[in-house]
Amino acid sequence: MDLKGRDFLKLLDFTPEEIVYLIDLAAELKDKKKRGILVDTLQGKNVALIFEKTSTRTRCAFEVAAHDLGMGTTYLDPKASQIGKKESIADTARVLSGMFEGIEYRGFEQAIVEELAEYSKVPVWNGLTNEFHPTQMLADLLTIREHFGRLKGIKLTYMGDARYNMGNSLMVACAKMGMRFTACTMEKYFPAGELVEQCREIAAKTGGSIVLTEDVEEGTKGADVIYTDVWVSMGEPDEIWEERIRDLAPYQVNRHVMDNAGNKAVFMHCLPAFHNLKTETGAEMGRRFALTEMEVTDEVFESPQSLVFEEAENRMHTIKAVMMATVSADGKARKKRKVQAKVDPGLLEGKSLREVRYLPDSEVQWILSSEECEVEETDGFIIMPIEEAREKFSEIREILATESEQTVLFRKGRHSNKWYDFIGKA
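This one's a predicted model, so the numbers in the text were calculated from it and none came from an experiment.

**Student:** Explain the overall build of the chain here, please?
**Tutor:** Along the backbone of the chain there are 15 helices and 16 strands. The buried share of the chain, reckoned over its 426 residues, is 53%. If you take every contact in the chain between residues at least 6 apart in sequence, the share linking residues at least 24 apart comes to 75%. Surface exposure of the chain reaches about 18900 Å², of which carbon and sulfur atoms provide 48%.

Shown next, in the form of structure tokens:
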């Protein structure tokens, strides 16, 4: 399976077969590492690691995985770069993709990593956004498959606030892999309805299911995997802490929950976890709210049912698989992007497409196609459907040569009254 040049932004962008391929590759790479077999096939390559949010597992996983593959890494935090301050996301993408073979982003809105990917010539990997956490999902799926020997039919119950990256991503992952996903929490913390419906449509094709419930007994009964995440983050106002703790306390993962799931159930958590007071955040939580543990009890966290540290290790193996699969060993992988663009028959009547002349000083190219197509993106190109181009530019001066059924790529130009060179057909 060829994933060279693909971005890794969210699992919704991948088929179940592609996800299984990445899990299989991760398992193979993990086995080779355990046996001391080198896989440094990407020597001489380099990746940029953008961290607007700090992390232990994600940073270490990317750095170790890259080094194992023979690549160098450059770590960029908000203080060490101009990203979003003096330099736009689009400009950053174009600068970095001229120097690196891949770009990782961990930060805030999904729109940021999507914009990075739009303007980057090299693969972009999502290390976490507010909406999705796809690299965590591959690690979780590998861990579950290692333990149970399968993914299809596994019941995973997520407890806590399911509105953000972990709840969203687990629901998508389960739908894609034919698993049974349950969000067990107060209704106000359910995932967004639009994403729920999208996942239900996917699950209907894969044999999975999506259930939302407020009932702990019903939601956890017979679950194979009980999963949770932190309820609040440091820096959020006191009223948010108080509200979340009050609302989510009934959804704490404790011995009763695990017993209700059954003795074959396992516990998973993306970490860090507030399971004791042995951290600054945990101690602060204890002082302010008279708690000794929050989303999971220390008893469950440290129990034989807990897979949290196997899960953490698998972050590195799965991230290594993503990088190996998407970075080309024989040169920078050029992206492929699927676009939908319908050709206006009036523009083609009595003609065929050969060259296009745009407005003076415009900086666009055109892809014209009668159906969805896959095209190779090369240096300096922007993909734009014909309708969008016609809306954006009031004048299209002349169109000549070839058939409406073909996809055509035109080089963008900067100079007034310049004819745009015909590049080729995809």
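**Student:** How should I be thinking about the sheet that holds strand β9 (residues 266-269) in this particular structure?
**Tutor:** Sheet strands pair via backbone hydrogen bonds, and the direction of the pair is either parallel or antiparallel. Strands sit in the order β7-β6-β5-β8-β9 across an open sheet of five strands; the sheet is parallel. Both outer strands of the open sheet, β7 (209-213) and β9, are each paired with one neighbouring strand and no more. Each strand of the sheet is rotated relative to its neighbour by a mean of 20°, with strand direction disregarded. Pairing of strand β8 (residues 225-228) with β9 involves four bridges; the strand directions are parallel. Residue pairing across strands places I226 opposite F267, the latter belonging to β9.

**Student:** Looking at this structure, I do not really get the side chain of T297. What am I missing?
**Tutor:** Positionally, T297 belongs in the loop between α11 (280-289) and α12 (298-301). Residue classification places T297 among the buried residues on the basis of a relative accessible area of 8%. When neighbours within four sequence positions are excluded, T297 is seen to be in contact with Q252, V253, N254 and H275.

**Student:** When you look at helix α6 (residues 165-176) in this model, what are you seeing that I'm missing?
**Tutor:** A turn of α-helix holds 3.6 residues, and therefore any two residues three or four places apart point the same way. Under the 1.5 Å per step criterion, the end-to-end length of α6 is 16 Å for 12 residues, consistent within 8% with the ideal 16 Å. Most of α6 is tucked away: 12 of the 12 residues are buried. For α6, every residue scored as buried is listed here: N165, M166, G167, N168, S169, L170, M171, V172, A173, C174, A175 and K176. Following α6 by one or two positions, G178 adopts a phi angle in the positive range, close to 70°.

**Student:** How do you make sense of the packing of helix α1 (residues 16-34) against helix α13 (residues 308-326) when you look at a structure like this?
**Tutor:** Each packed pair of helices is defined by two parameters, the angle between the axes and the distance between the axes. Running from N to C, α1 and α13 point in directions that differ by 115°, and their axes come no closer than 8 Å. One element, α1, and the other, α13, form an angle in the roughly perpendicular class. With respect to the hand of their crossing, α1 and α13 are arranged in right-handed fashion. Seen from α1, the contacting residues are Y21, L22, L25, A26, L29, K30, K33 and K34; seen from α13, they are E313, N314, M316, H317, T318, K320, A321, V322, M324 and A325.

**Student:** Explain the packing of aromatic side chains here, please?
**Tutor:** Centre-to-centre distance and the angle between the planes together describe a pair of aromatic rings. Under the counting rule described, the total for this entry stands at six aromatic pairs. Seen in terms of ring centroids, Y158 and Y227 are 6.1 Å apart; in terms of plane orientation they differ by 40°. Their pairing is tilted. Of this pair, Y158 sits in strand β5 (residues 155-159) while Y227 sits in strand β8, and the two are 69 residues apart along the sequence. Here the two residues Y158 and Y227 agree in accessibility, since each one is buried.

**Student:** Looking at this structure, I do not really get the sheet that holds strand β2 (residues 72-76). What am I missing?
**Tutor:** Strand order in the open sheet formed by four strands is β2-β1-β3-β4, with parallel pairing between adjacent strands. Edge strands, defined here as strands with exactly one partner in the open sheet, are β2 and β4 (124-128). Averaged over all pairs of adjacent strands, the angle between strand axes in this sheet comes to 20°, irrespective of strand direction.

**Student:** Would you mind showing me how to read the confidence of the model for the chain here?
**Tutor:** Reading predicted coordinates in detail is not appropriate for stretches of low pLDDT. Within the chain, residue pLDDT values average 82, and 77% of them lie at 70 or more. Below pLDDT 50 for its whole length, residues 337-426 participates in 185 contacts with residues either more than four positions away or in separate chains.

**Student:** Explain the nonpolar core here, please?
**Tutor:** Generally speaking, a soluble globular protein has its nonpolar side chains buried in company with each other. Counting residues in hydrophobic clusters, the biggest one holds 65 residues, and the most contacted among them are L156, M179, F181 and M323. Membership of the second largest hydrophobic core comes to 28 residues, among which are I245, M258, M285 and V300.

**Student:** Looking at this structure, I do not really get the packing of helix α5 (residues 134-148) against α13. What am I missing?
**Tutor:** Here α5 crosses α13 at 115°, and the two axes come no closer than 8 Å. Seen along the crossing, α5 lies across α13 with a hand that is right-handed. On α13, the residues touching T135, Q136, L138, A139, D140, L142, T143 and E146 of α5 are E310, E311, N314, R315, T318, I319 and V322. When its residues are assigned to classes, the contact of α5 with α13 shows five nonpolar, five polar and five charged.

**Student:** Would you explain the environment of F148 in this entry?
**Tutor:** Inspection of the secondary structure puts F148 in helix α5. C-alpha of F148 to C-alpha of D224: the two residues are 76 residues apart in sequence and 8.8 Å apart in space. Setting aside anything within four residues of it in sequence, one finds F148 in contact with I154, D224, V225, K264 and V266.

**Student:** I keep staring at the pairing of β4 and nothing clicks. Help me out?
**Tutor:** Along any regular strand the residues' side chains alternate between the sheet's two faces. Counted residue by residue, β4 has five buried out of five residues, so it is predominantly covered. With respect to chirality, the unit in which strand β3 (residues 102-106) leads through helix α4 (residues 110-119) into the neighbouring parallel β4 is right-handed.

**Student:** Looking at this structure, how should I read the side chain of T92?
**Tutor:** Along the chain, T92 falls in helix α3 (residues 89-96). For T92, a relative accessible area of 3% gives the class buried.

**Student:** Would you mind showing me how to read the pattern of salt bridges here?
**Tutor:** Any two side chains of opposite charge can pair if their charged atoms end up close together. Scanning the model with the defined rule gives 22 salt bridges in all. Close ionic contact of D13 with K10 constitutes a salt bridge, the shortest N to O distance being 3.1 Å. Here D13 falls in the partly exposed class, since its relative accessible area comes to 36%. In this structure, K34 engages E313 in a salt bridge whose closest nitrogen and oxygen atoms are separated by 2.7 Å. With K34 in helix α1 and E313 in helix α13, this residue pair connects regions lying 279 residues apart in the sequence.

The rules behind the values
Residues numbered from 1 in each chain as written. Predicted model: local features only at pLDDT ≥ 70, side-chain atom pairs only at ≥ 80, totals over all residues. Heavy atoms only, no water. Helix = DSSP H or I, 4+ residues; strand = E, 2+ residues; numbered from the N terminus. Buried < 20%, exposed > 50% of the residue type's maximum accessible area, 1.4 Å probe, protein only. Contact = heavy atoms within 4.5 Å. Areas by Shrake-Rupley, 256 points an atom, 1.4 Å probe, with all protein chains shown as cover. Pairing = 2+ DSSP bridges. Axes fitted to C-alpha atoms, helices over the stretch in contact; angles between N-to-C directions. Expected span 1.5 Å × (residues − 1). Parallel < 35°, antiparallel > 145°, perpendicular 65-115°, else oblique. Left-handed = near helix turned anticlockwise from the far one by under 90°. Phe/Tyr/Trp six-rings, centres within 6.5 Å; stacked < 30°, edge-to-face > 60°. pLDDT = per-residue confidence, 0-100. Core = buried A, V, L, I, M, F, W, Y, C linked by side-chain atoms within 4.5 Å. Nonpolar A, V, L, I, M, F, W, Y, C, P; charged D, E, K, R; others polar. Right-handed = clockwise from strand over helix to strand, strands pointing away. Salt bridge = Lys/Arg side-chain N within 4 Å of Asp/Glu carboxyl O.

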